[in-house]
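A structural walkthrough
Single-letter residue listing:
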Amino acid sequence: MSESENIKLLKGRRSIRSYESRDIEDEILTQILETTRWCMSARNLQPWTFHVIRNKELIKEIAKECITGPFIAGAPLLVAIVGDMELSPNWYLHDTCFASLQLALAAWSFGIGTCWIGRINRENVKSLLNLKESDDLLTVLPLGYPKGEIPKPFPRKSLDEIIKCIE
Ligand SMILES: Cc1cc2nc3c(=O)[nH]c(=O)nc-3n(C[C@H](O)[C@H](O)[C@H](O)COP(=O)(O)O)c2cc1C
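A large share of strand β2 (residues 77-84) lies buried, amounting to 7 of its 8 residues. Here strand β1 (residues 48-53) runs beside β2; their pairing, made up of 6 bridges, is antiparallel. Of the residues in β2, the one forming a bridge with I53 is L78. Where β2 lies against strand β3 (residues 135-143), 8 bridges are found, and the strand directions are antiparallel. Residue pairing for β3: A80 is matched across the bridge by V140.

As for its placement among the helices and strands, T114 is situated in the loop between α4 (92-109) and α5 (122-128). Overall, T114 belongs to the buried group, its relative accessible area being 6%. A distance of 2.6 Å separates a polar atom in the side chain of T114 from the backbone oxygen of P142. If we ignore the near neighbours within four places in the chain, the residues touching T114 are R14, S15, I16, A104, L141, P142 and L143.

So, on to the environment of S109. Mapped onto the elements of the fold, S109 is located in helix α4. For the pair formed by S109 and M40, sequence separation is 69 residues and the distance between their alpha carbons is 19 Å.

Around the ligand sit 13 residues in total, of which S15, R17, T68, G118 and R156 are the nearest. One of the side-chain N or O atoms of R13 is found 3.0 Å from an oxygen atom in the ligand. Here W116 contributes a backbone N or O atom positioned 3.2 Å from a nitrogen atom of the ligand. In terms of residue class, the shell around the ligand is made up of 5 nonpolar, 3 polar and 5 charged.

Another point: the sheet that holds β2. With antiparallel pairing, the 3 strands of this open sheet are ordered in space as β1-β2-β3. Across the chains shown, the open sheet's two edge strands, defined by having one partner strand only, are β1 and β3. Going from strand to strand, the sheet's axes swing by 20° on average, the running direction of each strand aside. Lying over the sheet, helix α2 (residues 26-36) contacts β1, β2 and β3, oriented at roughly 165° with respect to β1.

Turning to the nonpolar core, a few remarks are in order. Counting residues in hydrophobic clusters, the biggest one holds 21 residues, and the most contacted among them are I62, I72, L78, L129, L137 and V140. Among the elements of the structure, α3 (56-64), β2 and β3 are those that each provide at least two residues to this core. Not counting residues up to four positions away in its chain, the partners in contact with V140 are I62, I72, L78, V79, A80, C115, I117, I120 and V125. The next biggest cluster of nonpolar side chains, apart from the first, holds 15 residues, and it includes I24, L77, I81 and Y145.

The rules we used
- Residues numbered from 1 in each chain as written.
- Predicted model: local features only at pLDDT ≥ 70, side-chain atom pairs only at ≥ 80, totals over all residues.
- Heavy atoms only, no water.
- Buried < 20%, exposed > 50% of the residue type's maximum accessible area, 1.4 Å probe, protein only.
- Helix = DSSP H or I, 4+ residues; strand = E, 2+ residues; numbered from the N terminus.
- Pairing = 2+ DSSP bridges.
- Polar contact = N/O pair within 3.5 Å; in protein donor to acceptor, adjacent residues only side chain to side chain.
- Contact = heavy atoms within 4.5 Å.
- Near = heavy atom within 4 Å.
- Nonpolar A, V, L, I, M, F, W, Y, C, P; charged D, E, K, R; others polar.
- Axes fitted to C-alpha atoms, helices over the stretch in contact; angles between N-to-C directions.
- Core = buried A, V, L, I, M, F, W, Y, C linked by side-chain atoms within 4.5 Å.

Read these as spatial facts, not as claims about activity.
Written as structure tokens, this is what we have:
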């Protein structure tokens, strides 16, 4: 059976760490965020906000706080994904993680790359963005058109390794 376009999108997405300097068009950014808005969330509480950062100086300041993602300094735009811990104390983390994937896939459908950044001095970035105590900074996603070749995929575990059939 041949792969559908959607399956190709899901399997073909790669983390992108090098970006062209050209801006992300407003209409495309809106479509990416509009798609992210439709993500699933526990009790449909949607405990998230998306902070779009285009200011080059601020991008550089934030990049300095990204221990495992200093390359985000080269992105034309960042989206900080922020969870509302008050609104959904038990599920904000799950919901914002799902939203980050939905955003990454929506971006990829427009040929725009991103990369999840794990190690961040989160309190420092929270201050730079004037976030509240009850805000959880999940991650900062760089968005940009990939510079150069799309990286080859890292190998994945085989289905045999990860599927346990319960008889
Ligand atoms: C929770 C999480 C944290 C990650 N943190 C980083 C990171 O800090 N820096 C980085 O360069 N990539 C990071 N990545 C990207 C992974 O390295 C990448 O998804 C993985 O190697 C598979 O490659 P692919 O996304 O190109 O398929 C992270 C991914 C996830 C899901």
